[in-house]
Amino acid sequence: MNNNTAVGTAIGKIILMGEHAVVYGEPAMAIPFPTTKIITTIRKEEGPVFIDCFYYKGILPESPERLLGLATIIKDITESFNEKSTSFRINIESTIPPERGMGSSAAVAIATIRALYRFFNRTLTYEKLLEWANVSERIIHGNPSGIDAAVISSETPLYYIKGMLFIPFELKIDGYLIVADTGREGKTKAAVEGVRNIIESNPEEGRRLIEELGILTRTARKFIEINDVNGLGNTMTRTHNILDKLGVSDDNLNKLVNVAIDNNALGAKLTGGGRGGCMIALALNRRQAELISDKLLTNGAQNTWISNLGVDTIEKR
Ligand code: MEV
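Residues numbered from 1 in each chain as written. Predicted model: local features only at pLDDT ≥ 70, side-chain atom pairs only at ≥ 80, totals over all residues. Heavy atoms only, no water.

**Some points on the pairing of strand 10 (residues 278–283)**
Moving on, step 1. Counting buried positions along strand 10 gives 6 out of 6 residues, so the element sits mostly inside the fold.
Moving on, step 2. Burial along strand 10 is two-sided: the residues Cys278, Ile280 and Leu282 and Met279, Ala281 and Ala283 are all buried.
Moving on, step 3. For strand 8 (residues 176–181) and strand 10, the ladder comprises 6 bridges, and the chain directions are antiparallel. Bridging from a neighbouring strand, Asp181 pairs with Cys278 of strand 10.
Moving on, step 4. By the bridge criterion, 5 bridges tie strand 9 (residues 267–271) to strand 10 in an arrangement that is antiparallel. Residue pairing in the sheet places Lys269 in a bridge with Ile280 of strand 10.
Moving on, step 5. Connecting strand 9 to the next strand, strand 10, in antiparallel fashion are 6 residues, including Gly272 with a positive phi near 90 degrees. (Buried < 20%, exposed > 50% of the residue type's maximum accessible area, 1.4 Å probe, protein only. Helix = DSSP H or I, 4+ residues; strand = E, 2+ residues; numbered from the N terminus. Pairing = 2+ DSSP bridges.)

**A short note on the nonpolar core**
Moving on, step 1. With 102 residues, the main nonpolar core has Phe88, Ile113, Val179, Met279 and Leu296 as its most contacted residues.
Moving on, step 2. Examining the composition of this core, we find that 11 residues originate from one element, helix 2 (residues 104–119), more than from any other. (Core = buried A, V, L, I, M, F, W, Y, C linked by side-chain atoms within 4.5 Å.)

**Quick word on the pattern of salt bridges**
Moving on, step 1. Going through the model one piece at a time under the given rule, you end up with 18 salt bridges.
Moving on, step 2. Among the ionic pairs, Lys13 bridges to Asp148, the shortest N-O distance being 3.0 Å. Of the two residues, Lys13 is situated in strand 1 (residues 5–17) and Asp148 in helix 4 (residues 147–154); the sequence distance between them amounts to 135 residues. Pair check on accessibility: Lys13 and Asp148 agree, each one buried.
Moving on, step 3. A salt bridge links Glu212 to Arg208; the nearest nitrogen and oxygen atoms lie 2.5 Å apart. One end of the pair is Glu212 and the other is Arg208, both in helix 6 (residues 203–225) and 4 residues apart, which spans about a single turn.
Moving on, step 4. Classification of Glu212 as partly exposed rests on a relative accessible area of 31%. (Salt bridge = Lys/Arg side-chain N within 4 Å of Asp/Glu carboxyl O.)

**As for the packing of helix 2 against helix 3 (residues 126–141)**
Moving on, step 1. Relative to each other, helix 2 and helix 3 sit at 140 degrees, their axes nearing to 9 Å. Taken together, the axis directions place helix 2 and helix 3 in an arrangement best described as oblique. In this structure, helix 2 crosses over helix 3, and the sense of that crossing is right-handed. Facing Ser105, Ala106, Ala109, Ile110, Ile113, Arg114 and Tyr117 of helix 2, the residues of helix 3 in contact are Lys128, Leu129, Trp132, Ala133, Ser136, Glu137, Ile140 and His141.
Moving on, step 2. Partitioned by chemical class, the residues of the contact of helix 2 with helix 3 number 9 nonpolar, 3 polar and 3 charged. (Axes fitted to C-alpha atoms, helices over the stretch in contact; angles between N-to-C directions. Parallel < 35°, antiparallel > 145°, perpendicular 65-115°, else oblique. Left-handed = near helix turned anticlockwise from the far one by under 90°. Contact = heavy atoms within 4.5 Å. Nonpolar A, V, L, I, M, F, W, Y, C, P; charged D, E, K, R; others polar.)

This is a description of form; function is not addressed.
Here is the structure:
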């Protein structure tokens, strides 16, 4: 028996440290970003499965290439239940800007998997959720590390090593995180391929840069443990410079990183797949965070978000 309506939700994510290096077995740290969200609603409706989302409004069999990951899991999940991929409508609402390194593809998959399991009255384990989300991620990104699906499904800050470790950690540090959207779509797949090309054409230099990213992530973890916000900021900027050398940044991201640093950010870097998408910056107090956010907006950022990473005690001004 199916339900008449079922809803699944998922939040966005921010990679604090370690993007790209995580594909090569180095650690990364990612945090949930609950300010942004996906809501998938499934309703009974006669006829072929109908999808209504940001990119497409139409029937499932005719959905465009960029929805292939989602379309595949919708079909495969219903088949795994011995049900037909027909007679329901899927609505996907999103406040996660798409293709910005905020995990929209994994979040769309996760919200939709949750909704499908509820619609068909099936029990969804955490392992199954991750497995299906990564089926979609592999179709979209080629060779994902799995960090997006892990952090979005667990909704916990994670220290992550591909295929080995998911260690939840507490992100309490006396600082403010500013997230800024360049307003341009990132190109995760192309950036991941670009890094692979560098490693293949110059293995020594490529591996050295990846290892350096790993060292910076381990160092950042220690700085978080001892509440050293300056140290964390410093590792962020150094990470950005290496990602730039690996061809993951672009002029817009570099410009926003420089604007943040010139306005007293303790550190700044791109976040996620890169070549567009978002950057993050760290500030000591709310006043500085607001000033940095204003400067980012007057220098081309399309949107910014500020979150207090501290222990919510007295704000330093
Ligand atoms: C994408 O959010 C993060 C990357 O490291 C790719 C991945 O981990 O699969 C760029």
